[in-house]
Amino acid sequence: MSPAPLQNKRIMVPRGAKQAASFSSLVRKLGGIPVEIPLIAFRPVPMSQTIMRVLEQIHTYNWIIFTSSVTVETFFSFYGRGKGLPKVAVIGDKTKEAAERENVPVEFTPQEFVAEGFVKEFLHHVSEGARVLIPKGNLAREYIASSLVEKGAHVDELIIYETYMPEESKSRLANILLEGELDILAFTSPSTIDHFMETVKGQQLESVIDQCVIACIGPVSRKRAEQYGLTVHACPKRYTAADMLDSIIEYLNK
């Protein structure tokens with residue numbers, strides 16, 4: 001039997017336990033060793049008058065756009081389950097699955113799981129004057145909202161959670177890098193790169209990561225990595241964890 005494609009490769013999984021499970025399982029199936037280091041965590045913002053007002057007026061929107069499973073889960077922690085919603089658009093399979101777990105029918109999912117691709121496909125479904133709600137995290141991009149506004153839509157962005165790096169991950173990441181315990185760095189968002197590099201620069205560990213293979217889940221993350229001067233070796237055409245692992249295997253087999 002031929003060896004597994006990621007045999008004994010130690011791969012950083014930059015997610016918390018809940019989000020890491022499926023990614024780590026894929027790594028193991030391919031023979032790799034997942035090293036889970038939560039580089040990002042999420043917490044709901046406090047309930048505010050703004051959030052309450054938007055939720056009370058949810059029936060006035062034509063569309064609500066969910067860009068991640070975290071957004072879906074956080075939104076329903078505020079809104080409650082079993083209530084009516086406007087038409088729902090999502091980005092990505094995981095986001096769609098999260099919505100369906102809430103028994104929410106999804107009207108639109110783009111072929112390309114990135115904001116630019118979403119906008120290109122979604123604009124055909126939005127008429128001028130349509131009201132759109134985008135729940136989001138504090139670090140989320142404004143590209144979707146600004147693009148829809150340019151086409152005449154009325155868009156409300158509602159920050160419902162904040163993204164941060166767990167304190168315990170900082171020292172753990174530094175120790176793992178110093179011990180040379182990572183072969184592949186897999187980044188799943190620009191925020192994971194920001195938090196990773198904050199530790200690397202703070203501990204002066206730039207030379208330690210020179211020997212690592214670096215993979216990014218999509219072009220936005222790749223751009224952020226390159227802004228830090230990192231060389232990205234693998235980046236898939238379809239922006240999922242499974243496709244990122246396939247792109248890593250393709251790079252290793254060159």
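Look a little higher up for the structure.
Because the structure is a prediction, the values reported are computed rather than measured. (Residues numbered from 1 in each chain as written. Predicted model: local features only at pLDDT ≥ 70, side-chain atom pairs only at ≥ 80, totals over all residues. Heavy atoms only, no water.)

## Some thoughts on the packing of aromatic side chains
Line of reasoning, step 1. Applying the stated rule across the entire model yields 11 aromatic pairs.
Line of reasoning, step 2. Look at Phe75 and Tyr79: their rings are 5.3 Å apart centre to centre, the planes differ by 35°, and that puts the pair in the tilted class. With Phe75 and Tyr79 both in helix α3 (residues 69–79), this residue pair falls 4 residues apart, about one helical turn. Like Phe75, the residue Tyr79 is buried in the burial classification.
Line of reasoning, step 3. Aromatic side chains Phe118 and Phe122 sit 4.9 Å apart centroid to centroid with 25° between the ring planes, which places their arrangement in the stacked category. Placement of the pair is Phe118 and Phe122 together in helix α5 (residues 115–122), with a separation of 4 residues, close to one helical turn.
Line of reasoning, step 4. Grouping aromatic residues by their ring pairs yields a cluster made of Trp63, Phe108, Phe118 and Phe122.
Line of reasoning, step 5. Its end group placed over the ring of Tyr61, Arg131 keeps NZ or CZ at 4.3 Å from the ring centre. (Phe/Tyr/Trp six-rings, centres within 6.5 Å; stacked < 30°, edge-to-face > 60°. Helix = DSSP H or I, 4+ residues; strand = E, 2+ residues; numbered from the N terminus. Buried < 20%, exposed > 50% of the residue type's maximum accessible area, 1.4 Å probe, protein only. Lys NZ or Arg CZ within 6 Å of the ring centre and 35° of its normal.)

## With respect to the environment of Asn253
Line of reasoning, step 1. Mapping Asn253 onto the fold places it in the segment after α10 (241–252).
Line of reasoning, step 2. Taking the C-alpha atoms as reference points, Asn253 and Pro5, separated by 248 residues in sequence, lie 8.6 Å from one another.

## Remarks on the nonpolar core
Line of reasoning, step 1. Residues Met12, Leu185, Phe187 and Phe196 are the most contacted members of the largest nonpolar core, which totals 24 residues.
Line of reasoning, step 2. Those elements giving two or more residues to this core turn out to be α7 (167–178), β8 (184–187), α8 (190–202) and β9 (213–216).
Line of reasoning, step 3. Residues within four places of Met12 in sequence aside, it is in contact with Val35, Ile37, Leu39, Leu173, Leu182, Ile184, Leu185, Ala186, Phe187 and Phe196.
Line of reasoning, step 4. Counting residues in each nonpolar core, the second largest holds 23 residues, with Tyr61, Ile64, Val88 and Ile160 among its members. (Core = buried A, V, L, I, M, F, W, Y, C linked by side-chain atoms within 4.5 Å. Contact = heavy atoms within 4.5 Å.)

## Digging into the state of the cysteines
Line of reasoning, step 1. Counted under the stated rule, the structure contains 0 disulfides.
Line of reasoning, step 2. Among the cysteines around Cys212, which has no disulfide bond, Cys216 carries the closest sulfur, lying 13 Å off.
Line of reasoning, step 3. Judged by its relative accessible area of 6%, Cys212 falls in the buried class.
Line of reasoning, step 4. Unpaired in terms of disulfides, Cys235 finds its nearest cysteine sulfur in Cys216, a separation of 6.2 Å. (Disulfide = S-S within 2.5 Å.)

## With respect to the sheet that holds strand β1 (residues 10–13)
Line of reasoning, step 1. Pairing is parallel in the open sheet, where 4 strands are placed in the order β2-β1-β8-β9. Strands with a single pairing partner mark the edges of an open sheet, and in this sheet they are β2 (33–36) and β9. Here the strands of the sheet are splayed against their neighbours by 25° on average, with no regard to which way each runs.
Line of reasoning, step 2. With 4 bridges joining them, β8 and β9 adopt parallel strand pairing. Pairing of Ile184 across the sheet is with Val213, part of β9. (Pairing = 2+ DSSP bridges. Axes fitted to C-alpha atoms, helices over the stretch in contact; angles between N-to-C directions.)

## Here we look at the sheet that holds strand β3 (residues 41–44)
Line of reasoning, step 1. Strand order in the open sheet formed by 5 strands is β3-β7-β6-β4-β5, with mixed pairing between adjacent strands. Unpaired on one side and paired on the other, β3 and β5 (87–90) mark the two borders of the sheet. Taking each pair of neighbouring strands and ignoring which way they run, the sheet shows an average axis angle of 30°.
Line of reasoning, step 2. Where β3 and strand β7 (residues 154–164) come together, 4 bridges link them in antiparallel fashion.

## Some remarks on unusual backbone geometry
Line of reasoning, step 1. Phi is positive for Asn8, close to 65°, though the residue is something other than glycine.
Line of reasoning, step 2. Structurally, Asn8 can be placed in the segment before β1.

## Digging into the pattern of salt bridges
Here the idea is simple: oppositely charged side chains can pair when their charged atoms come close.
Line of reasoning, step 1. Considering all chains together, one arrives at 12 salt bridges under this definition.
Line of reasoning, step 2. Ionic pairing is found between Lys136 and Glu157, a salt bridge with its closest N-O pair at 2.9 Å. With Lys136 in strand β6 (residues 131–137) and Glu157 in strand β7, this residue pair connects regions lying 21 residues apart in the sequence.
Line of reasoning, step 3. For Lys170, the salt bridge is made with Glu198, and the minimal N-O distance between the two is 3.9 Å. With Lys170 in helix α7 and Glu198 in helix α8, the pair connects residues that are 28 residues apart, well separated along the chain.
Line of reasoning, step 4. Take Lys170: its relative accessible area is 26%, and that puts it in the partly exposed class.
Line of reasoning, step 5. Relative accessible area serves as the criterion here: at 46%, Glu198 is assigned to the partly exposed category. (Salt bridge = Lys/Arg side-chain N within 4 Å of Asp/Glu carboxyl O.)

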